[in-house]
Amino acid sequence: MNKISLNSKVSLLEIIFSVIIFAAAGIIMLNCFGIARFTQIRANDKAAAGAIIQSDIEIIKSLKNPTEMHEFLDDSYDDKSSDNPITYTKYFDEKWVQGRGKDYTVTISVEEENINFGVLVSISISAKKTKPYPFIKKGGQDVYLVESKKFFPLTGGAYE
Amino acid sequence: MNRRTNVSVGMGGTLVVIVFVVLCLMIFAALSFTTAYSDLKLSNKAQEITADYYYIHGKAEEKLAEISEVLHGLDAVGDKTAIFRKLSQIDGVQVDEENSKVSYESTGQKNQKISVTLNIVYEDRVYYEIESWNLSNIELPVYEDQIIELWEGIE
């Protein structure tokens, strides 16, 4: 019968060296995996926030007057501050589902400027993460920002 | 008959295995970071282009408001030339008095522009109607013509 005996000649020093190397590399690797994970989450957040923000701004641009705009914002946003500019905020959970958590906030501020023959509305929409991303220092909590303007003419201006 | 085989790991064997495992994990970590960073760069680029689009859209709307302000209060039976002279004073606005059209462009930083054409309508008062509102590139890539001499066959 064949018997295999493992004759390991491993010294204590070698084990200590191995553990030190593994620990040092492990710290770097864990950081690297952590940064990669949260960088990916950040990239996904940008895509999700971009879709929500673009959808809202396109709806606003398709509306006929500032009253319709405020009705839409009242209905689709959770909070409203009545200061000038008027700010509306809605909250999302970590999976970007509205109303289930406060991991992300989408804030829109609208400032109306009455001019002859219509109203020019300055719009600024931003998405932010409530808590900072772990492992990532660069970029802060800002996820997305879009600024634009919309002119609501009192009469005329129809797209022919 | 009992035979005994000695397998010796030897001095340094553990270190070699550890270094190999660490190297493998390092490569995986680097690859996952590179993939995630590429996705982030793509998302940032998409965001920059989107933000630029809405910025130039806003500028075009602002110009529309300026034109609307000029048209406000003008008498429809008044001098057409005077109306178009006033409109041409707005920065960047081109007028076509013959066809009663006004056009302007709003350009962004990311090779995109919005070209707007308005019809000036005279009824009981003067107002505009948007004829076109087009997004296009400022510069299109130029591809060099590649002339390939083809075999024309045997005569």
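Preceding this paragraph is the structure being described.
Right, let's walk through the structure included here. Since the structure is predicted, the reported quantities are computational estimates derived from the model, not experimental observations.

## Remarks on the overall build of chain A
And step 1. From N to C terminus, chain A includes 2 helices and 6 strands.
And step 2. From first element to last, N terminus to C terminus, chain A shows the α and β order β-α-α-β-β-β-β-β.
And step 3. Looking at chain A as a whole, 22% of its 160 residues qualify as buried.
And step 4. Across chain A, the fraction of contacts at a sequence separation of at least 24, relative to all contacts at a separation of at least 6, is 51%.

## Some points on the packing of helix H1 (residues 12-62) of chain A against helix H1 (residues 13-71) of chain B
And step 1. Running from amino to carboxyl end, H1(A) crosses H1(B) at an angle of 20°, the nearest separation of the two axes being 8 Å. Classed by the angle they form, the pair H1(A) and H1(B) counts as roughly parallel. In this structure, H1(A) crosses over H1(B), and the sense of that crossing is left-handed.
And step 2. Grouping the amino acids of the contact of H1(A) with H1(B) by side-chain chemistry returns 26 nonpolar, 10 polar and 4 charged.

## So, the nonpolar core
Nonpolar side chains in soluble globular proteins tend to end up buried together.
And step 1. One finds Ile53(A) and Ile67(B) to be the most contacted residues of the largest nonpolar core, which totals 42 residues.
And step 2. Sort the elements by how many residues they give to this core and H1(B) lands first, with 8 residues.
And step 3. Excluding residues that lie within four positions of it along the chain, Ile53(A) makes contacts with Val106(A), Ile125(A), Ala127(A), Tyr144(A) and Val146(A).

## Here we look at the sheet that holds strand S2 (residues 93-96) of chain B
Residues and elements named next belong to chain B.
And step 1. Ordered by their spatial adjacency, 4 strands build an open sheet running S2-S3-S4-S5, and the pairing between neighbours is antiparallel. The sheet is open, and its two edges are formed by S2 and strand S5 (126-137), each paired on a single side. Sheet twist, expressed as the average angle between the axes of neighbouring strands with direction ignored, equals 20°.
And step 2. On the sheet, H1 packs against S2, strand S3 (101-107), strand S4 (112-122) and S5 and is oriented at approximately 20° with respect to S4.

## Notes on the sheet that holds strand S4 (residues 104-115) of chain A
Residues and elements named next belong to chain A.
And step 1. The strand order S2-S3-S4-S5-S6 describes an open sheet built from 5 strands, whose pairing is antiparallel. Taken across any chain shown, the strands that pair with only one partner, and hence form the sheet edges, are strand S2 (79-81) and strand S6 (142-153). Here the average twist between neighbouring strands, direction ignored, is 15°.
And step 2. Alignment of S4 against strand S5 (residues 118-129), held across 12 bridges, turns out to be antiparallel. Each residue of the ladder has a partner; that of valine 110, found in S5, is isoleucine 123.
And step 3. On top of the sheet, H1 reaches S4, S5 and S6; it is set at about 10° to S6, its chief contact.
And step 4. Helix-sheet contacts for helix H2 (residues 66-76) involve S2, strand S3 (86-92), S4, S5 and S6, and the interaxial angle to S5 is about 20°.

Conventions adopted
- Residues numbered from 1 in each chain as written.
- Chains lettered and ligands numbered in written order.
- Predicted model: local features only at pLDDT ≥ 70, side-chain atom pairs only at ≥ 80, totals over all residues.
- Helix = DSSP H or I, 4+ residues; strand = E, 2+ residues; numbered from the N terminus.
- Buried ≥ 20, exposed ≤ 12 C-beta atoms within 10 Å, placed from the backbone.
- Contact = placed C-beta atoms within 7 Å.
- Axes fitted to C-alpha atoms, helices over the stretch in contact; angles between N-to-C directions.
- Parallel < 35°, antiparallel > 145°, perpendicular 65-115°, else oblique.
- Left-handed = near helix turned anticlockwise from the far one by under 90°.
- Nonpolar A, V, L, I, M, F, W, Y, C, P; charged D, E, K, R; others polar.
- Core = buried A, V, L, I, M, F, W, Y, C linked by C-beta atoms within 7 Å.
- Pairing = 2+ DSSP bridges.

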